[in-house]
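Listed below, chain by chain, are the residues.
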Amino acid sequence: MFPFNSVARASTAIGVSPIIKEIVQKQAHSTRLTLKEVILMGMLAIDRLDDQSRQELADQVHQMQVTGDI
């Protein structure tokens, strides 16, 4: 399982990026979950990926950060 400070960091990221906050809020609304539950759901989904898929996702997200998409 994930340590509690990982969720705190995710909350900080949501507060910093309006784009990420909007994505999480839309997901929460569509699934009727809280923001915290959506963040945890995403973390658990990432944990289920194999190493290669996780690295590809990390690279994609990093590229989004570099280009200013998030």
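Throughout what follows, the structure given in this document is the object of discussion.

What counts and how
Residues numbered from 1 in each chain as written. Predicted model: local features only at pLDDT ≥ 70, side-chain atom pairs only at ≥ 80, totals over all residues. Heavy atoms only, no water. Helix = DSSP H or I, 4+ residues; strand = E, 2+ residues; numbered from the N terminus. Expected span 1.5 Å × (residues − 1). Polar contact = N/O pair within 3.5 Å; in protein donor to acceptor, adjacent residues only side chain to side chain. Axes fitted to C-alpha atoms, helices over the stretch in contact; angles between N-to-C directions. Parallel < 35°, antiparallel > 145°, perpendicular 65-115°, else oblique. Contact = heavy atoms within 4.5 Å. Nonpolar A, V, L, I, M, F, W, Y, C, P; charged D, E, K, R; others polar. Core = buried A, V, L, I, M, F, W, Y, C linked by side-chain atoms within 4.5 Å. Buried < 20%, exposed > 50% of the residue type's maximum accessible area, 1.4 Å probe, protein only. Salt bridge = Lys/Arg side-chain N within 4 Å of Asp/Glu carboxyl O.

1. A few points about helix H4 (residues 51–67)
Okay, so step 1: For H4, with 17 residues, the first-to-last C-alpha span of 24 Å sits near the 24 Å given by 1.5 Å per residue.
Okay, so step 2: Taking the backbone nitrogen of Gln52 as reference, a side-chain oxygen 3.1 Å away marks Asp50 as the first, capping residue of H4.
Okay, so step 3: Positioned one or two residues after H4, Gly68 has a phi angle of 85°, which is positive.

2. What about the packing of helix H2 (residues 18–31) against helix H3 (residues 35–48)?
Helix-helix packing is characterised by the crossing angle of the two axes and by the distance between the axes.
Okay, so step 1: Relative orientation of the contacting elements H2 and H3 amounts to 100°, with a least axis distance of 9 Å. Here H2 is positioned roughly perpendicular relative to H3, judged by the angle of their axes. Contacts between H2 and H3 involve Val24, Gln25, Gln27, Ala28 and Thr31 on the former and, on the latter, Leu35, Val38, Ile39 and Met41.
Okay, so step 2: Looking at the contact of H2 with H3 residue by residue, the class counts come to 6 nonpolar, 3 polar and no charged.

3. Describing the nonpolar core
A general feature of soluble globular proteins is that nonpolar side chains tend to end up buried together.
Okay, so step 1: Grouped together as the largest cluster of nonpolar side chains are 5 residues: Val24, Ala28, Val38, Ile39 and Met43.
Okay, so step 2: Of all the secondary-structure elements, those providing two or more residues to this core are H2 and H3.
Okay, so step 3: Here this core gets 3 residues from one element, more than from any other, and that element is H3.

4. What about the pattern of salt bridges?
Okay, so step 1: By the definition in use, this model includes 2 salt bridges.
Okay, so step 2: Taking the shortest distance from any N to any O, the salt bridge between Lys26 and Glu22 comes out at 3.1 Å. You can see Lys26 and its partner Glu22 sitting in helix H2, 4 residues apart, about one turn around the helix.
Okay, so step 3: Relative accessible area serves as the criterion here: at 55%, Lys26 is assigned to the exposed category.
Okay, so step 4: Taking relative accessible area as the criterion, Glu22 reaches 41% and is therefore assigned partly exposed.
Okay, so step 5: Here Asp51 and Arg54 are joined by a salt bridge, their closest N and O atoms 3.4 Å apart. Highlighted residues: Asp51 and Arg54, both in helix H4, separated by 3 residues, approximately one helical turn.
Okay, so step 6: Since its relative accessible area comes to 61%, Asp51 is described here as exposed.

Purely spatial values, then, with no claim about function.
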